[in-house]
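The lines below spell out each chain.
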Amino acid sequence: MAPSPLPPSRLCIGLLSGTSVDAVEAVLCRIEGTGPEVRITLLAHISRPFTPEFTRRVLAADDARSLCELNFALGERFAEAALEVISRADLRPEDVDVIGSHGQTVAHLPSSLSDTPSTLQLGEASVIAERTGIPVVSDFRTRDVAAGGQGAPLVPYLDWALFRKPGVARALQNLGGIGNVSVVSDRLEDTIAFDTGPGNMVLDGLARRVTQGRLQCDLDGSLSRQGRVIPDLLEELLAHPFLALPPPRSAGREGFGDALVTRIWERHGAWSSHDVMATAVAFTVEATARAYERWLLPRFALEAVYVSGGGTRNPVLMERLTARLAPLPVRPLDVLGLPEGAKEAVCFALLANEHLSGTPANVPSATGARRQVVLGKLTP
């Protein structure tokens with residue numbers, strides 16, 4: 001009998017700029033195989049910050065010319081991050097098989113927000129391919145939307161591939177600009193995942209106003225720790241219509257971005273800025289906990305919650321979320337063997353690998369798509 005062929009092994013880069021618009025995260029991974037048997041080894045990870053001026057440029061882009069220019073400007077920054085992570089791994093561009101680039105989301109309009117469900121990520125793949133000489137897979141969300149899904153979340157496929165444990169259900173909670181959760185168990189089709197609501201987006205926007213741009217976030221919880229929750233404001237925020245939607249659901253700046261931050265600031269910020277920050281922390285904590293209580297805990301006996309994303313670096317947020325979810329254990333993702341800051345970029349390295357393998361990588365039970373589809377578009 002002939003020996004079984006070895007699974008393909010590829011060197012894959014993953015690139016991501018999240019809803020917080022603060023940096024490009026880049027990873028370089030060795031990925032062996034595909035689907036349920038896939039194996040991933042992280043070789044290098046870098047974070048390449050945006051300047052405050054560039055972050056403002058991304059957030060302000062609202063016409064065809066600015067979006068057109070921004071698409072190419074982001075492509076340059078993603079290409080620079082790809083080349084830097086290759087150097088960090090002591091490799092050459094010609095050693096790398098593929099780059100998976102999520103890009104920067106500038107609009108995300110699922111069916112709950114638009115009669116024409118759509119999503120738009122910028123960061124021109126042709127620029128990345130031209131600067132690096134490496135094939136690029138990009139635009140991962142659009143095929144799921146075309147198949148009737150939300151186009152989000154995409155991370156559940158990675159969560160299931162890397163973090164499932166036989167016989168138990170685990171929650172993987174990300175606290176990026178938007179919060180999202182995946183619950184994974186033995187079978188991919190049993191995965192449930194959805195956006196829980198605000199992560200750091202409201203906090204970041206308020207921090208920029210409180211400090212007049214000196215800080216881009218609630219650094220170390222330094223602002224929110226000085227305040228007290230404003231009960232009426234918290235009650236108003238928790239009435240946000242998104243939080244009443246059943247899964248599958250996905251959110252973005254349209255619901256929790258600058259319009260909401262401006263409304264909060266104009267009504268409360270001038271005379272109680274630290275109290276507003278404390279209330280924003282409570283908003284994230286309570287929205288997350290209520291999502292668990294309504295949609296997850298009645299269905300799953302969760303082993304624990306494993307948390308990743310920028311919110312893990314805010315001790316006030318983590319202390320209060322841990323207390324609110326008790327006795328359910330809340331643990332850092334790092335205990336499962338992957339640095340939390342690298343997780344989402346690793347996802348897009350994996351999705352690029354799955355594209356080349358022809359393996360469908362959306363999770364219809366999470367996105368609401370009619371069927372599984374191969375994600376992404378290839379730029380040679």
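Analysis parameters
- Residues numbered from 1 in each chain as written.
- Predicted model: local features only at pLDDT ≥ 70, side-chain atom pairs only at ≥ 80, totals over all residues.
- Heavy atoms only, no water.
- Helix = DSSP H or I, 4+ residues; strand = E, 2+ residues; numbered from the N terminus.
- Rg over C-alpha atoms; globule rule 2.2 N^0.38 Å.
- Buried < 20%, exposed > 50% of the residue type's maximum accessible area, 1.4 Å probe, protein only.
- Areas by Shrake-Rupley, 256 points an atom, 1.4 Å probe, with all protein chains shown as cover.
- Lys, Arg positive; Asp, Glu negative; His and termini not counted.
- Charge placed at Lys NZ, Arg CZ, Asp CG, Glu CD.
- 1 Å grid on protein atoms, 1.4 Å probe; cavity = no way out; pocket = protein on both sides within 12 Å on 5 of 7 lines; lining within 4 Å.
- Points joined across faces, edges and corners; volume = space filled by probe spheres on them.
- Nonpolar A, V, L, I, M, F, W, Y, C, P; charged D, E, K, R; others polar.

Q: Before we go on, may I ask you to explain the overall build of the protein chain in this structure?
A: Broken down by element type, the protein chain carries 13 helices and 12 strands. Its C-alpha atoms give the protein chain a radius of gyration of 20 Å, within 12% of the compact-globule value 21 Å for 380 residues. Oriented by its inertia axes, the alpha-carbon framework of the protein chain measures out at about 75 × 50 × 40 Å. For the protein chain, with 380 residues in total, the buried portion stands at 55%. Accessible surface computed for the protein chain: about 16000 Å², of which carbon and sulfur atoms make up 52%. Separation between the mean location of the 37 positive side-chain charges and that of the 43 negative ones in the protein chain comes to 2 Å.

Q: Would you explain the layout of surface pockets in this entry?
A: One way to see where empty space is left: roll a probe the size of a water molecule over the atoms. Space inside the second largest pocket adds up to approximately 330 Å³. Contributing to the lining of the second largest pocket are 18 residues, with Leu 59, Gly 205, Arg 208, Arg 209 and Asp 258 lying nearest its centre. The set of elements that each furnish at least two residues to the lining of the second largest pocket consists of α1 (52-60), α6 (201-210), α8 (253-256) and α9 (258-269). The element contributing the most residues to the lining of the second largest pocket is α6, with five residues. Of the residues that constitute the lining of the second largest pocket, the class distribution is four nonpolar, seven polar and seven charged.

Q: Is there a simple way to think about empty space enclosed by the protein in this case?
A: Scanning the entire structure with this criterion turns up one cavity of 30 Å³ or more. The volume enclosed by the largest cavity comes to roughly 30 Å³. Leu 233, Glu 236, Leu 237, Leu 260, Arg 263, Ile 264, Arg 267 and His 268 are the residues that line the largest cavity. A per-element tally of the lining of the largest cavity places α9 first, with five residues.

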